[in-house]
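Overview (structure and organization)
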Amino acid sequence: MSRRTVIVSGGMLEEEFVLPILKSEDTEFIIGVDKGLVFLHDHDIKPDYIVGDFDSVPRKLVNYYREEVDVPIREFNPVKDASDTEIALRLCLDLRRKEIWILGGTGNRIDHLWANVQCLQIALASEADARILDSHNRIRLLDKSIILKREDAFGPYFSLFPLELPVDDFSITGAKYPLKKHFLKPSDSLCVSNEFQEDEVEISFQYGKVILMETRD
């Protein structure tokens, strides 16, 4: 089974958080996406693939990778129908990568963040485990019940939001704020900032898609 694939996009990239992930032996494959390529170059990390329209990357850097480094490049016209991160995610799925971490997927541009969250549906449909991470957040998309363990938690808080459609029979057990068979609507803020009460929290529902955000201050 392949190990972790990391997509390095052009959003917020904090050295203290990102570098240990990129240098971990659990990271097998790295894709540099547009401005994320600058971060990789500045830290002497060679990607396995490069993707983007490169509208925010110095042309000399792109030429360096094209002419002097043996790394496959997929360059796209800036006028396209998908974000660079989506293109990289689809590349991961084409390469049959099943564990995908997206770094640089958050930052000042909330529109980019939301596009990246929606892209997680593409991975989910292919039965891949994709998540967006920064030093304060881990974001996943669920389409079935799950048990969270305190020992594996990313932070002390977790929030849940339905994606696209309401979720019926939605329950949370083992948490500070339990919930039983609730009709969870996209307009609900009921499930923001919950916490562990027990060592395990079960999130259960019958159908639909739910965004899980694990967070820390």
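A word on the confidence of the model for the chain. In this model, the chain carries a mean pLDDT of 92, and residues with pLDDT of at least 70 account for 97%. Per-element confidence in the chain ranges from a low mean pLDDT of 83 for strand S4 (residues 73–75) to a high of 98 for strand S13 (residues 200–204).

On to the packing of aromatic side chains. Considering all chains together, one arrives at four aromatic pairs under this definition. Ring centres of Tyr64 and Tyr65 lie 5.1 Å apart, and the angle between their planes is 75°; this geometry places the pair in the edge-to-face category. Looking at Tyr65, the relative accessible area reads 4%, which means it is buried. Arranged with centres 6.0 Å apart and planes meeting at 35°, the rings of Phe170 and Phe205 form a pair that is tilted. With Phe170 in strand S10 (residues 167–173) and Phe205 in the loop between S13 and strand S14 (210–215), this pair connects stretches of sequence that are 35 residues apart. Taking the relative accessible area as the measure of exposure, Phe205 reaches 5% and is therefore buried.

The next subject is the sheet that holds strand S11 (residues 179–184). In spatial order, the strands read S8-S13-S10-S11; together these four strands make up an open sheet with antiparallel pairing. Looking at strand neighbours, the two that pair on one side only are strand S8 (146–149) and S11, the edges of this open sheet. Across this sheet, the average inter-strand angle for adjacent strands is 20°, counted without regard to direction. Across four bridges, S8 lies against S13 in antiparallel orientation. What sits directly across from Ile147, in S13, is Glu202.

Here we take up the nonpolar core. One finds Ile7, Ile31, Leu89, Ile100, Leu120 and Ile139 to be the most contacted residues of the largest nonpolar core, which totals 28 residues. The biggest single contributor to this core is helix H5 (residues 110–125), with seven residues. For Leu120, the contacting residues outside a window of four places in its chain are Ile102, Ala130, Arg131, Ile132, Ile139, Arg140 and Leu141.

Residues of helix H1 (residues 15–23) that are buried include every one of Phe17, Val18, Leu19, Ile21 and Leu22, and no others. Looking at the buried residues of H1, the elements they touch are strand S1 (4–8), strand S2 (27–33), helix H2 (36–42), strand S5 (99–103) and strand S6 (129–133).

On to unusual backbone geometry, then. Phi is positive for Asp44, close to 55°, though the residue is something other than glycine. Take Asp44: it is sitting in the loop between H2 and strand S3 (49–52). In this structure Asp44 comes out as exposed when scored by relative accessible area, which is 73%. Its identity is not glycine, yet Glu127 carries a phi of approximately 60°, on the positive side. Its location among the elements puts Glu127 in the loop between H5 and S6. By relative accessible area, Glu127 is classed as exposed at 71%.

Looking at helix H3 (residues 59–68), one finds that the buried residues are Leu61, Val62 and Tyr65. Relative to the axis of H3, the buried residues are bounded by an arc of 100° and lie together on one face. Residues of H3 that are exposed and point over 90 degrees away from its buried face: Lys60, Glu67 and Glu68. Contacts made by the buried residues of H3 are with H2, S3 and S4.

Let us now look at the packing of helix H4 (residues 84–94) against H5. Interhelical geometry of H4 versus H5 gives an angle of 20° and a closest axis separation of 10 Å. Here H5 runs roughly parallel to H4, going by the angle between their axes. Crossing handedness for the pair H4 and H5: right-handed. Here H4 contributes Thr85, Glu86, Leu89, Arg90 and Leu93 to the contact with H5, which in turn contributes Asn116, Cys119, Ile122 and Ala123.

Rules and cut-offs
- Residues numbered from 1 in each chain as written.
- Predicted model: local features only at pLDDT ≥ 70, side-chain atom pairs only at ≥ 80, totals over all residues.
- Heavy atoms only, no water.
- pLDDT = per-residue confidence, 0-100.
- Helix = DSSP H or I, 4+ residues; strand = E, 2+ residues; numbered from the N terminus.
- Phe/Tyr/Trp six-rings, centres within 6.5 Å; stacked < 30°, edge-to-face > 60°.
- Buried < 20%, exposed > 50% of the residue type's maximum accessible area, 1.4 Å probe, protein only.
- Pairing = 2+ DSSP bridges.
- Axes fitted to C-alpha atoms, helices over the stretch in contact; angles between N-to-C directions.
- Core = buried A, V, L, I, M, F, W, Y, C linked by side-chain atoms within 4.5 Å.
- Contact = heavy atoms within 4.5 Å.
- Arc of directions from axis to C-beta.
- Parallel < 35°, antiparallel > 145°, perpendicular 65-115°, else oblique.
- Left-handed = near helix turned anticlockwise from the far one by under 90°.

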